[in-house]
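Report on the structure
Chain residues, written in single-letter form:
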Amino acid sequence: MKRLTMQLTGTVQGVGFRPFIYTLANRLGLTGYVINNSLGVKIDVEGDDDKIKDFEKLIYSQCPPMADIITAGAIHDLPLLNYIDFKIIESSYDGSREVSITPDISTCSDCYRELNNVNDRRYHYPFINCTNCGPRFSILKDLPYDRDNTTMRVFTMCKACQQEYDDPQSRRFHAQPNACPVCGPVLSLYGTGLISQGEMALKNAIEYLKKGAIISIKGIGGFHLCCDALNDAAVKLLRVRKNRPLKPFAVMFKDIESIKKYAIPTSADIACIESRQRPVVIIKKKNDTELSPSLAPNLRQIGVILPYTPLHYLLIDTPLVMTSANISDLPIISDNDEALFKFFSLSDYILLHNRDIKNHCDDSVIKVINKYPLLIRRSRGYAAIPLRLPIKLNKKILALGGHQKSIIALGIGDIAVASQYIGDLSDTQTQDRFREVINNLTSMYGFIPDLIIHDKHPGYYSTKWALSNDCPSIGIQHHHAHAMSVMADNGVNVGDEILTVTWDGSGYGDDGNIWGGEFLLSSYHGYKRLYHFDSFRLIGGEKAVKEPKRVALSLLFHMYGRSAMDMNLGCVEIFTDTEKEILYTAWERGINSPQCSSAGRIIDGAASILNILQELSYEGQSGMMMEEMYDKSIIGFYPYEIRDGKILWQGLIKALIEDRSEITVRVTRFINTLAQIVIIIAGEVGKPIGLSGGVFQNKILTEKIIELGDKKGIPILTHKFVPPNDGGLFLGQLMCQRKD
Ligand code: ZN
Ligand code: ZN
Ligand code: FE
């Protein structure tokens, strides 16, 4: 006989952990108890030596799908207490809150079966869930995760639901959002007024979608704008209403078979698509299908997603557009009243329910690169799963992330708790969201930071917010944060140094200029800027970010001076003579034309020179268009020079202009050259390299670098748990070990 106690931390509450332990202990004939406490789950068991050993192993190998054990403080050989049976004891909390927040998880197969079983009492009930699935983070108001601390508080369970909730053998034992048609949330459909409720609302919504209507649909973390993805007129109308001319729309398909009808998912894609987080996955589209050509104009890729709530399953038959319901770049709307007020201009109908959303949460987005999933947006399904840090922080740190793809995070010990995706902090509504998210997350954890870390950019909203706060704060250089982010993401140790390639659109440099094409020798203590792209001017500043033709013109002025104005190129001819004169003067005198070393901008400039596009309709568009044109079978590079730590792109651009080959050949050679630059410099520095920054969302570039690196035996680290774009900055910020 032996006794064992364990204190488990991690995602162990609200995931069916206690019933699992109860069943396991009983199966092995062990006695004792299991209890939820402020750290997670505590277990105390007694029994045969062998059985105790099995128990310890099986906790890991058989634990519920949503559980994630981070630590398991086990104490063996305690004096026996001779327990008579095994019990689940009611929760005990002492006020400290180290329990992690469970993310929202897609409908499990058991619930799906019940949803479609005519004899089940929850047949076609759009809010069916259990301890293995359903809303969590999005309905959570406070910790611990109990029904009273969620927006389900207002629904009193009926007898049948309460019985399940109290039964340790039930799949719904302590399933906090437990509900049924008798006692739970209901649907209502609005047009100019209330049209219908319950089953009828669902029926009507399906019917209207078939007829080409645009419907705002309330989901787990916010509203989607939804329409028939096969109906081109409906999709076009949605583009007009949303004021989104070209940016691809995500499409929901009822199952993998349906996806395969319209697209070509690889096995790695399918694994991501079917994962319980249910992200949008960007995959290759088939040509000439019945899908509306307006879903992803000019692209052969498409964002696909499977249903992840019971409501989705009930709604879907043919593919549906599911794009977050917001007006252009404003934050996703999550409140009923606000939705009724704002969605009249966007949609014909609004399908609501009365389960409130406490924490908004956009769909997460993934792209498979080099056979591994890369997060483009980390939000629903991932927020707020804790991330493990390779070091233990000696302070409580609040990291504010970046500006455009804001995600904030709390650093506690060796854990980072990152928020959901907040968005672009340029507008005041997203700024409100930013403060709200900080409030919600810090208050749930009772977290008072000792230190706030923000980007060094003096103009970022997050910087201003940090400086207006009483708490001490420090600013971290943007690309150093990217660098530390990819290091932490790969568990690089303190004291180790790697070469980080941080390529993005822009970040505030330590010399006051815009950086973004950097090779930094990085550790958690600091960095050395070893190489960077030779600087050029961004004519018109922010305007140049949206108009690659301005970047192209700047590169040409840089190389050929005034005579560039007479060049026989689309990016030159698109301007009138007067415009060219004005832009030249601005360039020559540096009027509103900051110096910049951004790789993202060079890619934009090349796309413009190649006449692929002259203005961007959405961020990252030029990279995406080039991905489409890249041809793996083409080999070849353009010349370039590296001098005094500067990558002179002039030779590369000159060769690109003079190359008379087909566009695919030129695009391929251009991308290959960027990859070669990385590998040549890596070879010179002789360190492992880490890739971070928005540019590395580009599949072909990243895969080419990995291919060339493998040939030379250069280890290459890429992102695993956070996005390479500014949505991953928080992780690097938390890791900073600078002493000031
Ligand atoms: Zn379930
Ligand atoms: Zn009920
Ligand atoms: Fe960045």
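Residues numbered from 1 in each chain as written. Chains lettered and ligands numbered in written order. Predicted model: local features only at pLDDT ≥ 70, side-chain atom pairs only at ≥ 80, totals over all residues. Heavy atoms only, no water.

**Description of the overall build of the protein chain**
Helices and strands together make up the secondary structure of the protein chain, namely 23 helices and 32 strands. Taken over the C-alpha trace, the protein chain has a radius of gyration of 27 Å; the compact-globule value for 740 residues is 27 Å, and the two agree within 12%. For the protein chain, the C-alpha atoms occupy an extent of roughly 90 × 60 × 50 Å along the three principal directions. Per-residue burial over the protein chain gives 62% buried out of 740 residues. (Helix = DSSP H or I, 4+ residues; strand = E, 2+ residues; numbered from the N terminus. Rg over C-alpha atoms; globule rule 2.2 N^0.38 Å. Buried < 20%, exposed > 50% of the residue type's maximum accessible area, 1.4 Å probe, protein only.)

**Some words on the packing of helix H21 (residues 663-685) against helix H22 (residues 699-712)**
Running from N to C, H21 and H22 cross one another at 45°; their axes reach a closest spacing of 9 Å. The orientation of H21 with respect to H22, classified from their angle, is oblique. H22 is crossed by H21, and the crossing has right-handed handedness. Contacts from Ile 671, Asn 672, Leu 674, Ala 675, Gln 676, Val 678 and Ile 679 in H21 reach Ile 700, Leu 701, Lys 704, Ile 705, Leu 708, Gly 709 and Lys 712 in H22. Here the residues of the contact of H21 with H22 sort into nine nonpolar, three polar and two charged. (Axes fitted to C-alpha atoms, helices over the stretch in contact; angles between N-to-C directions. Parallel < 35°, antiparallel > 145°, perpendicular 65-115°, else oblique. Left-handed = near helix turned anticlockwise from the far one by under 90°. Contact = heavy atoms within 4.5 Å. Nonpolar A, V, L, I, M, F, W, Y, C, P; charged D, E, K, R; others polar.)

**Concerning the nonpolar core**
With 75 residues, the main nonpolar core has Trp 503, Phe 519, Met 626, Phe 670 and Ile 705 as its most contacted residues. Per element, the largest residue contribution to this core is 10 residues, and it comes from H21. Setting aside residues up to four positions removed in sequence, Phe 519 forms contacts with Leu 499, Thr 500, Val 501, Trp 503, Lys 528, Arg 529, Leu 530, Tyr 531, Ile 647, Ile 677, Val 678 and Ile 681. Counting 40 residues, the second largest nonpolar core, distinct from the first, contains Cys 111, Cys 130, Ala 213 and Leu 374. (Core = buried A, V, L, I, M, F, W, Y, C linked by side-chain atoms within 4.5 Å.)

**Regarding the packing of aromatic side chains**
Going through the model one piece at a time under the given rule, you end up with 18 aromatic pairs. When the centroid spacing of 5.5 Å and the interplanar angle of 65° are considered together, the rings of Tyr 125 and Phe 127 count as edge-to-face. Here Phe 127 falls in the buried class, since its relative accessible area comes to 3%. Ring centres of Tyr 584 and Trp 587 lie 5.7 Å apart, and the angle between their planes is 35°; this geometry places the pair in the tilted category. Taken together, the residues span about one helical turn, with Tyr 584 and Trp 587 both in helix H17 (residues 577-589) at a distance of three residues. Note on Tyr 584: relative accessible area 9%, which makes it buried. An aromatic cluster is present here, built from Trp 503, Phe 519, Tyr 531, Phe 533 and Phe 696 joined pairwise through their rings. Here the basic side chain of Arg 239 rests over the ring of Phe 249, its NZ or CZ set 4.1 Å away from the ring centre. (Phe/Tyr/Trp six-rings, centres within 6.5 Å; stacked < 30°, edge-to-face > 60°. Lys NZ or Arg CZ within 6 Å of the ring centre and 35° of its normal.)

**Looking at the state of the cysteines**
Scanning the entire structure with this criterion turns up zero disulfides. Cys 226 supplies the cysteine sulfur nearest to Cys 227, a cysteine that is in no disulfide, at a spacing of 6.8 Å. Overall, Cys 227 belongs to the buried group, its relative accessible area being 0%. (Disulfide = S-S within 2.5 Å.)

**Focus: the coordination of the zinc ion (ligand 1)**
Coordination of the zinc ion (ligand 1) by the protein is provided by Cys 108 (SG), Cys 111 (SG), Cys 130 (SG) and Cys 133 (SG), with metal-donor distances spanning 2.3 Å. Geometry at the zinc ion (ligand 1) is tetrahedral, judged from the four donor atoms that bind it and their angles of 103 to 121° at the metal. Sequence spacing of the donor residues for the zinc ion (ligand 1), all on one chain, is C-x2-C-x18-C-x2-C. With Cys 108 in the loop between strand E5 (86-89) and helix H3 (109-115) and Cys 133 in the loop between H3 and helix H4 (159-166), this pair connects stretches of sequence that are 25 residues apart. Since its relative accessible area comes to 12%, Cys 108 is described here as buried. (Donors = N, O, S within 2.8 Å, 3.2 Å for Na, K, Ca; no water. Tetrahedral: all angles 85-135°; square planar, octahedral: opposite > 155°, others 65-115°.)

**Let's talk about the sheet that holds strand E4 (residues 68-76)**
Taking strand neighbours across the sheet as the criterion, the five strands line up as E4-E1-E3-E2-E5 in an open arrangement whose pairing is mixed. What marks the edges here is a single partner per strand, and that holds for E4 and E5. Sheet twist, expressed as the mean angle between neighbouring strand axes with direction ignored, is 15°. Of the strands in this sheet, strand E1 (2-11), strand E3 (40-47) and E4 are in contact with helix H2 (residues 49-61), which crosses E1 at around 5°. (Pairing = 2+ DSSP bridges.)

**Side note on the packing of helix H15 (residues 548-560) against helix H20 (residues 650-658)**
When two helices pack together, you describe them by how their axes are tilted relative to each other and by the distance separating the axes. Closest axis-to-axis distance for the H15/H20 pair is 11 Å, and the angle between their directions is 105°. Taken together, H15 and H20 sit at an angle that is classed as roughly perpendicular. In this structure, H15 uses Leu 555, Leu 556, His 558, Met 559 and Tyr 560 to contact H20, whose residues at the interface are Gln 650, Ile 653, Lys 654 and Ile 657. Taken together, the residues that form the contact of H15 with H20 break down as six nonpolar, two polar and one charged.

**Things to note about the domain arrangement of the protein chain**
The domain boundaries assigned to the protein chain delineate domain 1 (2-88), domain 2 (188-365), domain 3 (385-476) and domain 4 (530-673). The C-alpha centroid of domain 4 is placed 61 Å from the C-alpha centroid of domain 1. (Domains from an automatic or database assignment.)

**Brief notes about the coordination of the iron ion (ligand 3)**
For the iron ion (ligand 3), the full set of protein donor atoms is His 478 (NE2), His 482 (NE2), Asp 504 (OD) and Asp 726 (OD), at a range of 2.1 to 2.2 Å. Taken together, the four donor atoms coordinating the iron ion (ligand 3) span angles of 86 to 168° at the metal, a pattern that classifies the geometry as irregular. Along the chain, the residues donating to the iron ion (ligand 3) fall in the pattern H-x3-H-x21-D-x221-D. In this pair, His 478 sits in helix H13 (residues 478-489) while Asp 504 sits in strand E24 (residues 498-508), placing the two residues 26 residues apart along the sequence. Both residues of the pair, His 478 and Asp 504, count as buried.

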